Structure formats: C-alpha cells, structure tokens
Amino acid sequence: MQESLTIGQLAARSGVAPSALRYYERLGLIRADRTGGNQRRYARTELRRVAFIRVSQQVGVSLEEIREALDSLPASRTPTAADWAELSTAWRARLSEKIRLMTKLRDDLDGCIGCGCLSLQRCVLYNPDDKLSGEGPGARLMLPRPEPAAAPAAGPAPVTSACGDCAPAPA
C-alpha cells in the first residue's frame, strides 16, 4: 500500500497552507481518506493535483474551471502523461489568448508610460468624453473587441498599438 500524507505533510511538500488544502477538499479539487480518528490522509498523487491547482490559479483559471478539469481525470488511478496532455490541450487556446493580452498590456503600457509625453490629447489609452462607452463596459482598448456586424459609422479609426511618438496608429 502507498504511504499517505497527513495534512501537515501535504502542506509542507506542496507549499499550500492547511486551510487552503481543506478548502480545496471541500470544493472537490483534492481527496482525502479518513482514519478511525477522523484525521485526513492524502495519497501522494494529491501532490500533483495541488501543483496543478496552484499553477492554474497563477494564470487566472478559476477554481470552478480547475475542478471541472480535474473531474475529467480518472479517479481510480494516477493520471498518466496522456491524461495531463489531454487536459492541457483543452486550455491551450485560452492560455494563448491570455498571453497575447498580457503581451499587449505590457507593450502598450510600457510604450505609453515610458515615452514621458504626458499628453492626454494624444495618448492611446486616453478616452475623451467617454467615447468608448458606446462599445460596452471595460477596458475597450485593451480587451479583444468584437467584430462589427456592418461597416462602422464614420468616426475615428480604432487604435491598434500604443504610441509611436505618442500618435495613435490607425487600424
């Protein structure tokens, strides 16, 4: 039989606080057996699940999405490399989009803040008279914009990059 871990041992090995491990268990993200004295005992394979949870959270995946993904893994055996590969394939497009957005944020903010112009009239992120509110809520210049159904009405061209000498680049 495989040696099990106490909650303290799992916490020490995973770097996750015991309270978080109990929370993960309550959400069904990890599983523990109970001793006759009702103490938790975790299989060593739970270390892999906790690592997956931590990394997934770091890239912005919700605990509900993590639970759904972990539920797709076999409960009766240790997940194989193929199991993990299948799970990661399902998230690949989403993670690629997050990377694209983070790169855009880094590049646009660095270019705009780094230029030192402090000109709100020409800044790519400035939104005079809240003109972008017509496109919907949120950071309209940074988030992906929906494709228009028809040709847009005459107006300013959408901005596609941060300043090149502080002048917004037309689309």
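Anything mentioned here points back to the structure above.
This section reports on the structure supplied with the text. (Residues numbered from 1 in each chain as written. Predicted model: local features only at pLDDT ≥ 70, side-chain atom pairs only at ≥ 80, totals over all residues. Heavy atoms only, no water.)

## A word on the pairing of strand 3 (residues 40–43)
Now for step 1: Relative to strand 3, strand 1 (residues 4–5) is paired through 2 bridges, and the arrangement is antiparallel. Within strand 3, the position partnered with serine 4 by the bridge is alanine 43.
Now for step 2: Summarising the sheet, strand 2 (residues 33–34) and strand 3 pair through 2 bridges and their orientation is antiparallel. Paired with aspartate 33 across the strands is arginine 41, a residue of strand 3.
Now for step 3: The turn linking strand 2 back onto strand 3 is made up of 5 residues, and asparagine 38 within it adopts a positive phi angle of 65°. (Pairing = 2+ DSSP bridges. Helix = DSSP H or I, 4+ residues; strand = E, 2+ residues; numbered from the N terminus.)

## A closer look at the sheet that holds strand 1
Now for step 1: Strand order in the open sheet made by the 3 strands is 1-3-2, with antiparallel pairing throughout. The open sheet has two edge strands with one neighbour each: strand 1 and strand 2.

Honestly, that's just the spatial picture; any functional story needs more than this.
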